[in-house]
Amino acid sequence: MVEPQKFTIIFDGLVVPKINISYLNSKKYLEPLDNITIIVNWYSPKRICIVSDNGKKYFYLQ
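This structure is a prediction, so every number in the text was calculated from the model and none was measured. (Residues numbered from 1 in each chain as written. Predicted model: local features only at pLDDT ≥ 70, side-chain atom pairs only at ≥ 80, totals over all residues. Heavy atoms only, no water.)

This part covers the overall build of the chain. Scanning the chain from terminus to terminus reveals zero helices and six strands. The linear arrangement of helices and strands in the chain, starting from the amino end, is β-β-β-β-β-β. Against the globule reference of 11 Å for 62 residues, the chain gives a C-alpha radius of gyration of 11 Å, in line with a compact fold. A principal-axis box enclosing the C-alpha atoms of the chain has dimensions of 30 × 20 × 15 Å. For the chain, with 62 residues in total, the buried portion stands at 27%. Nonlocal contacts in the chain, meaning residues at least 24 apart in sequence, comprise 49% of its contacts between residues at least 6 apart. Of the roughly 4600 Å² that the chain leaves accessible, carbon and sulfur atoms contribute 57%. Taking the average place of the 8 positive charges on the side chains of the chain and the average place of its 5 negative ones, the gap between the two points comes to 6 Å. (Helix = DSSP H or I, 4+ residues; strand = E, 2+ residues; numbered from the N terminus. Rg over C-alpha atoms; globule rule 2.2 N^0.38 Å. Buried < 20%, exposed > 50% of the residue type's maximum accessible area, 1.4 Å probe, protein only. Contact = heavy atoms within 4.5 Å. Areas by Shrake-Rupley, 256 points an atom, 1.4 Å probe, with all protein chains shown as cover. Lys, Arg positive; Asp, Glu negative; His and termini not counted. Charge placed at Lys NZ, Arg CZ, Asp CG, Glu CD.)

What follows covers unusual backbone geometry. Although it is not a glycine, aspartate 12 sits at a positive phi angle of roughly 50 degrees. Residue placement: aspartate 12 occurs in the loop between β1 (8-11) and β2 (14-15). Positive phi values are uncommon outside glycine, yet leucine 33 reaches one of about 75 degrees. Secondary-structure assignment places leucine 33 in the loop between β3 (21-24) and β4 (37-40). By relative accessible area, which is 85% here, leucine 33 ends up exposed.

Structure follows, in structure tokens:
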């Protein structure tokens with residue numbers, strides 16, 4: 001299980017401040033195959049990296 005509130009979100013190499021992040025359908029813990037929508041109030045990035053509290057990483061490049 002992972003905790004979305006402990007995710008680190010990085011846009012183009014810059015860590016997005018926690019105050020700029022919200023979650024739709026927020027759950028305290030995600031089980032395997034669960035989905036969550038992350039809303040980031042920040043500029044439009046070319047590279048996105050999301051790192052979970054257990055070290056798993058997701059990358060997106062435009």
